[in-house]
Amino acid sequence: MNHDEIVDEIFALYKSLNFAPPDGKFTILASFYLLNNATGALKIISIGTGTKCLPTARLPASGEALHDSHAEVLARRGALRWFMEEIKRVSVSQLASDWICPCGHKFTLVEGAELHMYISTVPCGDASTRFLATFQDAAMASLKDSSVYPALSPSQASRGRDNYALFGVLRTKPGRADSPPTQSMSCSDKIASWSVLGIQGALGSRFIKPIYVASITIGEVSEVLRDTVLKDCRRALYGRLEGIDGLPEGFSYHSPEIRFTDRVFIHSRDSLPIASGSCHDSLCSLADANCVPEVLINGYRRGVSPKHRLRDKSLPVLSQLSLFKLYNELSCAISMQTYHAAKQCQTEYQEAKQRLVGPGGPFCGWVKTNSNVQNFMG
């Protein structure tokens, strides 16, 4: 099965979820899938759509809402939850998984299995700067060319598309200058970090060895732009971290293959005659889940009243609080730790992260989430 055929499978699964943006609104789709090169087996483990994130002033104090609802981030969190739930299924049933196996005190992918990613358009941030510039009208391009911004220190992240002529710099979301500031890094930056840290994050590192993305398939890029976008994606999604050293055992630099597809996502900007803006709702779905796919707005499950947001049945399954509850369940112990403390306990992961975002690291300008919104219990 080639990558276009796999994209067709992702589209078919998305269509079966019966989600559609309002008329005239577009969204972005991302998915993670597992492929076994020995058997040819395919498993789509997560799907996410979305283009929004919460401003700093609205971050939840108890981990009950998603900070970042961009498609790539939701798909990654969905993949993390799938791996954690698969470990739980193996532990409870004592049956072997087709995709993960024990390796020492943790799990790893079975021999021949690889993790892959699909995104319906070029990720926001460094990878898409020149891609987006091709769609600007002359007046906007002239305005941005004439804009004067403060000199950007290597230890600083650029706000959205400020300094848009600079390549290789960290950027925060969103791209619009008139939007409230956030603590969410661009998808280009986050995907690049996974090329060193893996997609399993700090919590997942308690149970599974680093999992790296083998390939990224990207849509909405015309043939005439592919050479430019390929160069930008190679730089933005992994190349700027080449040469990172001092990583702990088990962590290493990876360079996923970048591929393009002609398949057009049904709810992409390209598919609309006239797009009036991006959809405010997000969708998240993961394989083998007991819960139905969730629609989110402003990081919360749609339709849940504010007074019920901390109820277990009202929490988004990909929220920090939900994932922390699953982490505590897998740990088989009554935890008296906060979410922040539990992440800090994963010493090898934190050591690798420090090499990436700490002083002197290639991503030392990474904007860190305030710990006061991570000091909740599970």
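Below you will find a few notes about this structure. (Residues numbered from 1 in each chain as written. Predicted model: local features only at pLDDT ≥ 70, side-chain atom pairs only at ≥ 80, totals over all residues. Heavy atoms only, no water.)

**Brief notes about the packing of aromatic side chains**
Summed over all chains, the structure comprises 12 aromatic pairs. Relative to Tyr 327, the ring of Phe 207 has its centre 5.5 Å away and its plane inclined at 65 degrees; by these criteria the two rings are edge-to-face. Of the two residues, Phe 207 sits in the loop between α6 (201–204) and β11 (213–218) while Tyr 327 sits in helix α8 (residues 320–331), which places them 120 residues apart along the sequence. Look at Tyr 327 and you get buried, because its relative accessible area is 5%. Aromatic pair Phe 363 and Trp 366: ring centres 5.9 Å apart, planes at 25 degrees, arrangement stacked. Taking the relative accessible area as the measure of exposure, Trp 366 reaches 16% and is therefore buried. Members of the aromatic cluster, joined through ring pairs, are Phe 207, Phe 324, Tyr 327, Tyr 339 and Phe 376. (Phe/Tyr/Trp six-rings, centres within 6.5 Å; stacked < 30°, edge-to-face > 60°. Helix = DSSP H or I, 4+ residues; strand = E, 2+ residues; numbered from the N terminus. Buried < 20%, exposed > 50% of the residue type's maximum accessible area, 1.4 Å probe, protein only.)

**Details of the environment of Ser 282**
You can see Ser 282 is positioned in strand β14 (residues 281–286). Sequence separation between Ser 282 and Glu 294 is 12 residues; the distance between their C-alpha atoms is 8.2 Å. Setting aside its immediate chain neighbours within four residues, Ser 282 contacts Thr 49, Gly 50, Ser 69, Leu 74, Glu 294, Val 295 and Leu 296. Of the polar contacts made by the side chain of Ser 282, one reaches the backbone oxygen of Ser 69; its length is 3.4 Å. (Contact = heavy atoms within 4.5 Å. Polar contact = N/O pair within 3.5 Å; in protein donor to acceptor, adjacent residues only side chain to side chain.)

**Describing unusual backbone geometry**
Glycine aside, residues mostly have negative phi, and peptide bonds are mostly found in the trans state. Looking along the chain, the bond that leaves Lys 173 and enters Pro 174 is cis, with omega of -10 degrees. Even without being glycine, Glu 220 reaches a positive phi, approximately 70 degrees. Turning to its location among the elements, Glu 220 is positioned in the loop between β11 and α7 (226–237). Backbone geometry at Asp 288 places phi at a positive 60 degrees, although glycine is not the residue there. Note that Asp 288 resides in the loop between β14 and β15 (294–297).

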